[in-house]
Amino acid sequence: MNALVLLSVLLAEPSGLEQVRESKTLRWGADAQGGAPYVFADPHDPSKVKGFEVDIAAELGKELGIEVRFEQRQWSSLFQDVGRGDVDLAMNGLEVTEERRKEARFSRPYYLFSEQL
């Protein structure tokens with residue numbers, strides 16, 4: 001069984017959450033080129049993104065009472081982008097592995113899946 005989660009170093013720290021609340025903007029990074037169903041370009045308006053992770057980010061913004069801003073990133077650099085503070089969190093079909101647990105904090109899973117042949 002595999003799980004997809006939010007990657008968040010900044011929001012895991014109280015001071016990081018306070019910074020987000022003060023700025024009134026949550027910057028979340030993902031790579032829309034990864035495609036559906038996570039995050040992908042809206043076929044009717046390619047300047048916008050759609051997908052269930054877009055919906056999760058919007059609900060998180062509502063819960064925090066702040067604006068949510070999507071930032072296109074390279075999937076391969078999401079961990080570094082969060083670590084540098086380029087984005088406040090990453091959400092892009094990220095799987096939890098033991099190695100990744102050493103470098104980041106994760107939310108509770110929001111999507112569980114398993115592979116089979």
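Before reading on, note that the structure itself is shown above.
So, how was this worked out
- Residues numbered from 1 in each chain as written.
- Predicted model: local features only at pLDDT ≥ 70, side-chain atom pairs only at ≥ 80, totals over all residues.
- Heavy atoms only, no water.
- Salt bridge = Lys/Arg side-chain N within 4 Å of Asp/Glu carboxyl O.
- Helix = DSSP H or I, 4+ residues; strand = E, 2+ residues; numbered from the N terminus.
- Buried < 20%, exposed > 50% of the residue type's maximum accessible area, 1.4 Å probe, protein only.
- Phe/Tyr/Trp six-rings, centres within 6.5 Å; stacked < 30°, edge-to-face > 60°.
- Pairing = 2+ DSSP bridges.

Bringing the pattern of salt bridges into the picture now. As enumerated under the stated definition, the model contains 10 salt bridges in all. A salt bridge links arginine 27 to aspartate 88; its shortest N-O distance comes to 2.9 Å. With arginine 27 in strand E2 (residues 25-30) and aspartate 88 in the loop between helix H3 (78-84) and strand E6 (89-95), this pair connects stretches of sequence that are 61 residues apart. Classification of aspartate 88 by relative accessible area gives buried; the value is 3%. Three or more residues are tied together by salt bridges with common partners; here these are Arg69, Glu71, Arg73, Asp81, Arg84 and Asp86.

Using the criterion set out here, one finds 4 aromatic pairs in the structure. Look at phenylalanine 52 and tyrosine 110: their rings are 6.2 Å apart centre to centre, the planes differ by 70°, and that puts the pair in the edge-to-face class. Here phenylalanine 52, found in helix H2 (residues 52-64), pairs with tyrosine 110, found in the loop between helix H4 (98-103) and strand E7 (111-113); they are 58 residues apart in sequence, far enough to count as distant. Overall, the relative accessible area of 23% leaves phenylalanine 52 in the partly exposed class. Within the aromatic cluster, the residues linked to one another by ring pairs are Tyr38, Phe52 and Tyr110.

Right, let's talk about the pairing of E2 for a bit. Counted residue by residue, E2 has 5 buried out of 6 residues, so it is predominantly covered. Examined bridge by bridge, E2 and E6 share 2 bridges and lie parallel to one another. Counted as the bridge partner of glycine 29 is alanine 90 from E6.

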